[in-house]
Amino acid sequence: MDTHAFASLAHVRILLIPVGTITQSSFDKYAAEIRSFESVRLGDIPADRKDERARFMPSPLSTGYLHLSFPTHPPPRSHLSLSLLRPSHFPLAVIGIAACSKNDSLSSVYAQFTSSLIDIFPSDGIYPLAKNCFVFEEGEDTNLSMGDNLPGLVVLPSMMGNKKLYIGTLLADLCSQILGEFGVLVQALESPMGNEYLNSTLLPMIPPLSEIPEPLNGSRRDSLPPLPSHNSQPDISKGNFTLSAAPMKRTSSGPGFRQSTLAAQPARKRLSTIGVASSHARLFKVLGDLFLLAGRPEDAIVWYLESLQLFRSSPDPAWHAATLEGLATVSVIESWSVGNGLQNSTTASKEPWTETCDRLTQATALYYKSPTGEGDPNHSLLSYLYTSCVLRHSALLFAIWSAKGWGPLAFTAMLQPGPKPYLPPTLSLDGNSWAHLERLSSMSGISRATIASTLSQIHGPWLLHLGARERIAILEATSSLYACLGYKRKEAYILREVLGCILDLMVCGREEDGLSRMSSVPGTSGLGIHAPNSSGGGGWGGVGVRMSESSDGNDSILELLKHICKVLGINLDAVKLVDANPNNSLPSIAADENAPISYEDYDNDASETTEPYGWPELQVGVVREAVAVAEALPDFPAVAQFALSALKTLQTVLSPGDQYHLYSTSSRALTTARRRGDTKSIEYWSGRPVVSIMLAPIPFARLPVEKPISALGTTSKIALTGGTDPFLYNPRKTAVGEGKTLVVQKETLEFVVMLQNPYIFDLELQSLSLSTSGVPFESRPLHVVIPANSFHEVVLAGKAMEIGTLTIRGCRVQAPGGASREFIMPLLTNEEEQRLSRRRGALGCEVGRSKYSGIDSFPWEKARKRSSRPPSGTETKTLFRFLECMVVPEQPFLRIRRTSLTHGALMLYNGEESTIRITLENVSPLPIDFLRLVFDDSTIAPAQQALSEGEMSVFDTYETEFSLIQRPVLSWNQDDAKDIHIRPGQKMTLTITCIGKVGCTHATVHFSYSHVHREQPVLSGSNQVFHTRQLSYPIMATVYHMLECHAMDILSFPRHAPSIDDADDERVRARRETLHVGDEGSWCLFSVEVRNTYGLPFDVTFDRLQNGVPPASVSSTVPPGSMSRLIIPIRKFILSEAQLSQPIPTLSDRQFVVQKSKLSDQEARTQREFFWYREELFRLVRGKWRETGGVRSGDLSLRQQRMTLPMLETLRLENAQVQLSLVTYPDSSPDDHPLVEREGKFYPPADEFVYLRTRITNTSRKCPALLPSKMLTSVAASSQIFTMGLEMDPSEHIVYEGILTELAVGRLESGESRELEAAVCFLATGRFEISAEVRIFDAPRSETGRAGIGHLTAIVRASDAA
């Protein structure tokens, strides 16, 4: 294809053609050696001729150059009319390149060379002027005969050393032949007949020189022989049609095709004379062209100027314009010869290329105004000359601009542009920044807009008159210039027309094959610009059906189409084409777990929206054209790729009809490609279909639970599962909660996958499967159809076949006819949320901002620029985390076969104890050798919540923990867990104890079981664990509240106990026997009231179980709605100091429990005494009940009762026994007389002295024999020194003798007693309280120093006073 170099008018074209069986690689190699000679020095060209052939021969001292070009394709035959106007357009010589081996002969090579010339060049043409055949010898043992006399055939032996020098000599000889033929041609044109031929038509042609008759006198210059019969009357009339007056008239010749014709103006005749009257302007112009080709620009400019003088007097626009082009070329040649063109500048303000540009501008205008007639075949050639002139002008400006100004680099680019004429060294292939392009403009003085404005003249209706080859060449050169100037959209606009021309040629080529379109094949829309002579009618626009299709060149057309669409903001490569594996119909489910995962790919897939770019209407139209082009080739994988890429990137701007059309087109294309055996397929295209993946909840009965190996030997009261964690903060439990999900080997797992379809059609997925890594995972892919514009949920099931870690990376999705693609689904960790937040912020900052200009604002260009930035420190360390499952060994499975409950309901009285029998069955092939039971009920959660809040007192905390741990609703014998072995298919019955507790509405029995002792050890690692399963049995509970205990009290044992013998009733007698004790001072009475709130009577019994005294019990029947008080004597006791110093325990072993209230040491000791004495009391006294007349029974709890300080003082056994009494001594009588005592109260007279007798007895040695060892006091001794203090109330009405405090009692041995008397007088009537406190001498003033206390109540009445 012609490169349209600026100095092409000075290039001697030598056509290179292959001859014989030479291979393409050999031809390219030898052609490259020949093309290395871009020019030949005139001094190297031999000039030994003396006749007319010596006219253009250089002198031996010439310093010029003959510029060469070596095309490999001849011009079309339709250009023969330009043979005189533009001789540089034709190959002036031909070089055949042949490679001969030992089996070839020179005669056969020469015959093939001659035959090729006959096929290439027409018989009536004057070119080529010279021909030569270079035979390159391959191998050493060839049979080439050097003695054969074959003109124009040269053999280059393989053993030749300096082959390049020899080729240069041969080229110089060939140029000598060309220059000699120039003289022959000019001699023919200078004759009157030749001049008439030259001036006969607008674009004249001269017959072969051999057909021009010789004059009779042998002189062509002096006579004018008769013209040949075939051209005896040359038509010299010319029309008055100009390109400027050629409006484009579009007529439709078929569906989707366009054709333009030019309306001609009325012809204007121009008469000319024949013979000597013909102008010599054209002859001078031809002489200038030949001298320019001969490397003699100084002679060429002389003839050009002469020609211009004649053209001014006799207008000939086309030839005049061609002369101006030659002059413009001469100026550049001369500047190149000198090395710089500064000497041509006339003024400092005038640029050196201004004159050249003015000539080319004038030439363009002349071509534009060239007249032609209606239907004149010169339309095409004139349009070609016009567009070539515009390209020449643009190439001049472009060369200066790209070379940074007028200079040697610009001259070289204009004369010898090289293999890449539109990519000078100052520009790069990957793209140039705006700043770089503007820098070239400022340095050269030529702006890009100036070049583009000049180049824009090339586009117009005259392009319709060009042939297909010329049109493609012109448009290709135009688009290349626009691309180098940085005008990508202009380039895309021109390339669309190039593509249309190519598609028109394809359609025409199919019609020329003689195969008509089948009636069943629908017509398609064309893209290109059709020639005006294209056939009209209904056949135009049909797609020809070829029996044998060739895909050569399809890839180039598709790449061109992708480039056009990318410039317009359409990424047709958004969906990639991949090579399918025909040996594997199903994609592999397992993925490479070590494969790197790109953040960029994940973010591109995860992006829900893409920033719009470009004009939607234009993009939709171009997409339709792209699909039509791919269908016309045909390339069915490309059709599917383009349609699906448009759906993926332009979904927001496509109408519902376009979406459905593109999807159906892609489906048909994929089906056709698969039917034809095409190995290409497309990757998944519909964005990111997977929204989320989550493991479906495993049924509770099948869920494995991890346990430490230490749990095998423990029988802790805290449940293995469902129990309360004793730690307020347990980091291990937190780590387990955030760890991997436990699943069982070879058991079905279900994963819930959420899919989305943003399109208006149902989206079909041929295959949807999980992408996993780690242990092998067996799963069958699903065929899914996602409804339009909806989210769809599917369940994928599979089994993990080995023990280890199963990682769920995401899903593998395959569309019909496409390739499988993996979409990863990482977990949304804190690091991932931060990274996504940063990315959303970066994208949000760029939306609506002109951060990039022009083509750099493409969405993929922005993404590339973002991805090229160095990542921050946090992003480099961030790794994706996926859903992971820990696969544990196979586990047995247990089920409940039967129970003793009816409908799972349980009804109990408060405190009632019952049993439940549950039968379990092993339905798995594995035995069960580990079984634990854990219980839960409705009373546990509120109690645990209250404990966790920590607002309760110490007593309430202990009672709550006691209720949870010591008296649970459900329990079983831990010893039954030993030696459990349930074989496969075997049953086992368990007995569970139930206790009624008020507030319990439901309960649950959890069975934890496992197969621990396996043949192969499954415990590994430093943290040895095993895994269990759980089975739960819910129970609906109803607990009736019927008995309540109130007003617990501990009283001193009365001294007025009634006699047993006075009782007539046996029950009274039994009650009095219970109350009868030997030593009243060492006993006290336990009293409690029991109320029946139920509708049935109950028998209530309290038992006394105390060491050292016989057991006793008291019973009473409590009717419904009534209350009964029960009393039972208890022997006083004292606890050891070691036990009293122990803190109040926490039964749940909770740690880090901080006491909120600050108590003094004395208050803390008092609190501990209350607690330990209360616990000992509840150990001695136990209540129970039985349904009157029934068999149901239970325990009656006293845990809700509280102990007061008087109760504690009464219950505690003291070291000294104090007895108070009032006596009188009658007058003159030494014996005392006790006062009247009734029911423990004394009745002394008023206003009379009586004696208060206090009896102190040391009881310290009597305690150890009656109390258990833990109640022994550490301060007990055989003798003690006591003091006593008295307190009287009201003291203001009592007169006493002596002092009341620190009365010395003295030392008392164990069991020894002593009496002290004091006279007192009651001055008023009423109730008087007298108390005596005995203390150990020198003991601290605290409870520990007190040895005993006694009380006396005196009632003074008026009658007694009287």
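Predicted model only: the values in this text are computed from it and were never measured. (Residues numbered from 1 in each chain as written. Predicted model: local features only at pLDDT ≥ 70, side-chain atom pairs only at ≥ 80, totals over all residues. Heavy atoms only, no water.)

## A closer look at the overall build of the protein chain
Helix and strand counts for the protein chain come out as 31 helices and 47 strands. Across the 1362 residues of the protein chain, 48% fall into the buried class. Sequence-distant contacts in the protein chain: of pairs separated by 6 or more residues, those separated by 24 or more amount to 79%. As presented, the protein chain carries roughly 65,400 Å² of accessible surface, and 52% of it is formed by carbon and sulfur atoms. (Helix = DSSP H or I, 4+ residues; strand = E, 2+ residues; numbered from the N terminus. Buried < 20%, exposed > 50% of the residue type's maximum accessible area, 1.4 Å probe, protein only. Contact = heavy atoms within 4.5 Å. Areas by Shrake-Rupley, 256 points an atom, 1.4 Å probe, with all protein chains shown as cover.)

## A closer look at the pattern of salt bridges
Pairing is possible between side chains of opposite charge, provided their charged atoms come close. A complete count under the given rule lists 38 salt bridges for this structure. For glutamate 959, the salt bridge identified is with arginine 1174, shortest N-O distance 2.7 Å. Here the residue glutamate 959 occupies a position in helix α25 (residues 954-965), and arginine 1174 occupies one in helix α28 (residues 1161-1180), the gap between them amounting to 215 residues. Each of the two residues, glutamate 959 as well as arginine 1174, counts as buried. In this structure, the salt-bridge partner of arginine 1314 is glutamate 1312, at a minimum N-O distance of 3.6 Å. By relative accessible area, which is 28% here, arginine 1314 ends up partly exposed. For glutamate 1312, a relative accessible area of 28% puts it in the partly exposed group. (Salt bridge = Lys/Arg side-chain N within 4 Å of Asp/Glu carboxyl O.)

## Focus: the confidence of the model for the protein chain
On average, residues of the protein chain score 79 in pLDDT, and 77% of them reach the 70 mark or higher. Per-residue pLDDT stays below 50 along residues 216-277; that stretch engages in 137 contacts with residues further than four places along the chain or on separate chains. (pLDDT = per-residue confidence, 0-100.)

## Quick word on the nonpolar core
Soluble globular proteins tend to bury their nonpolar side chains together. If you look at the biggest cluster of nonpolar residues, it comprises 204 residues, and the most contacted ones within it are Ile97 and Trp685. In terms of residues, this core owes the most to one element, helix α9 (residues 378-402), which gives 15 residues. For isoleucine 97, the residues in contact, after removing those within four places along its chain, are Leu16, Ile17, Pro18, Val19, Ile22, Phe27, Tyr30, Ala31, Ile34, Phe134 and Phe136. Counting residues in each nonpolar core, the second largest holds 43 residues, with Val1118, Ile1144, Trp1172 and Leu1177 among its members. (Core = buried A, V, L, I, M, F, W, Y, C linked by side-chain atoms within 4.5 Å.)

## Some thoughts on a nonpolar patch on the surface
Together, Phe1249, Val1295 and Leu1323 make up an exposed nonpolar region whose accessible area comes to about 270 Å². Inspection of the secondary structure puts leucine 1323 in the loop between β45 (1313-1322) and β46 (1326-1336). (Patch = residues over 30% accessible without salt bridge, like charges linked within 9 Å, V, L, I, M, F, W, Y side chains within 5 Å.)

## Section: the environment of glycine 445
Within the secondary structure, glycine 445 sits in the loop between α11 (434-444) and α12 (448-455). With 41 residues separating them along the chain, glycine 445 and lysine 404 place their C-alpha atoms 8.3 Å apart.

## Some points on the packing of aromatic side chains
Overall, the coordinates contain 33 aromatic pairs when judged by the stated rule. Ring centres of tyrosine 65 and tryptophan 336 lie 5.6 Å apart, and the angle between their planes is 70°; this geometry places the pair in the edge-to-face category. Here tyrosine 65, found in strand β3 (residues 65-69), pairs with tryptophan 336, found in helix α7 (residues 317-338); they are 271 residues apart in sequence, far enough to count as distant. Judged by its relative accessible area of 24%, tryptophan 336 is partly exposed. Cluster of aromatic residues (ring-pair linked, three or more members): Tyr909, Tyr1040, Tyr1094, Phe1098 and Trp1185. Seen from the ring of phenylalanine 893, arginine 702 lies directly overhead, with NZ or CZ sitting 4.3 Å from the centre. (Phe/Tyr/Trp six-rings, centres within 6.5 Å; stacked < 30°, edge-to-face > 60°. Lys NZ or Arg CZ within 6 Å of the ring centre and 35° of its normal.)

## Comments concerning the side chain of threonine 807
Here threonine 807 lies in strand β19 (residues 804-814). In this structure threonine 807 touches Ser771, Thr772, Ser773, Phe882, Leu883 and Glu884, once residues within four positions along its chain are discounted.

## Here's the deal with the packing of α7 against helix α10 (residues 408-415)
Packed helices, taken two at a time, are described by the angle between their axes plus the distance between the axes. For the pair α7 and α10, the least separation of the axes is 10 Å and the interaxial angle reads 130°. The orientation of α7 relative to α10 falls into the category oblique. Here α7 and α10 pass one another in a crossing that is left-handed. Together, Val332, Ile333, Ser335 and Trp336 of α7 and Phe411, Thr412, Met414 and Leu415 of α10 make up the contact between the two elements. Residue composition of the contact of α7 with α10, grouped by class: 6 nonpolar, 2 polar and no charged. (Axes fitted to C-alpha atoms, helices over the stretch in contact; angles between N-to-C directions. Parallel < 35°, antiparallel > 145°, perpendicular 65-115°, else oblique. Left-handed = near helix turned anticlockwise from the far one by under 90°. Nonpolar A, V, L, I, M, F, W, Y, C, P; charged D, E, K, R; others polar.)

## Considerations on the environment of asparagine 789
Of note, asparagine 789 is situated in the loop between β17 (782-786) and β18 (790-800). With 28 residues separating them along the chain, asparagine 789 and phenylalanine 761 place their C-alpha atoms 7.7 Å apart. Once you skip the residues sitting within four places of it in the chain, asparagine 789 turns out to touch Asn757, Pro758, Tyr759 and Ile760.

## Describing the environment of histidine 1233
Position of histidine 1233 among the secondary structure elements: in strand β38 (residues 1233-1234). Between the C-alpha atom of histidine 1233 and that of valine 1250, which follows or precedes it by 17 residues, the distance is 10.0 Å. Filtering out sequence-adjacent residues up to four positions away, histidine 1233 remains in contact with Val1223, Thr1224 and Pro1226.

## Describing the side chain of glutamate 747
The topology assignment puts glutamate 747 in the loop between β13 (741-744) and β14 (748-757). Classification of glutamate 747 as buried rests on a relative accessible area of 18%. Setting aside residues no more than four positions away along its own chain, glutamate 747 makes contact with Arg702, Gly798, Lys799, Gln891 and Arg1029.

## Details of the sheet that holds strand β35 (residues 1181-1187)
In space, the 4 strands of this open sheet follow the order β33-β32-β35-β36, with antiparallel pairing throughout. Lying at the two open borders of the sheet, with one neighbouring strand each, are β33 (1112-1118) and β36 (1193-1196). The sheet shows a mean angle of 25° between the axes of neighbouring strands, taken without regard to direction. Lying on the sheet, α28 is in contact with β32 (1098-1104) and β35; it crosses β35 at an angle near 45°. (Pairing = 2+ DSSP bridges.)

## Quick look at the pairing of strand β42 (residues 1279-1289)
Of all 11 residues in β42, 8 are buried; the element is thus mostly enclosed. Pairing analysis gives 8 bridges linking β42 to β46, with the strands arranged antiparallel. Each bridged residue has a counterpart across the sheet, and for glycine 1285 the counterpart in β46 is glutamate 1333.

## A short note on helix α18 (residues 636-649)
An ideal rise of 1.5 Å per residue puts 20 Å on 14 residues; α18 measures up with 20 Å between its terminal C-alpha atoms. Taken across its 14 residues, α18 has 12 buried, putting it largely inside the fold. Looking at α18, one finds that the buried residues are Phe636, Pro637, Ala638, Val639, Ala640, Gln641, Phe642, Ala643, Leu644, Ser645, Ala646 and Leu647. In the core, the buried residues of α18 are packed alongside α15 (554-567), β9 (577-579), α17 (616-632), α19 (656-675) and β10 (680-682). (Expected span 1.5 Å × (residues − 1).)

## Some points on the sheet that holds β14
Strands sit in the order β11-β14-β18-β16 across an open sheet of 4 strands; the sheet is antiparallel. Looking along the sheet, the strands with just one partner apiece sit at the ends: β11 (690-695) and β16 (777-779). For this sheet, the mean angle separating the axes of adjacent strands, direction not counted, is 30°. Here β16 runs beside β18; their pairing, made up of 3 bridges, is antiparallel. Paired with phenylalanine 777 across the strands is alanine 800, a residue of β18.

## Quick notes on unusual backbone geometry
Of the consecutive residues tyrosine 127 and proline 128, the connecting peptide bond is found in the cis state with omega at 5°. By secondary structure assignment, the location of proline 128 is in the loop between α2 (106-120) and β5 (130-137). Between leucine 633 and proline 634 the backbone carries a cis peptide bond, its omega angle lying at -5°. Considering the arrangement of structural elements, one finds proline 634 in the loop between α17 and α18. With phi around 50°, alanine 1047 is a residue other than glycine that occupies positive phi space. Positionally, alanine 1047 belongs in strand β30 (residues 1043-1052). A relative accessible area of 40% places alanine 1047 in the partly exposed class.

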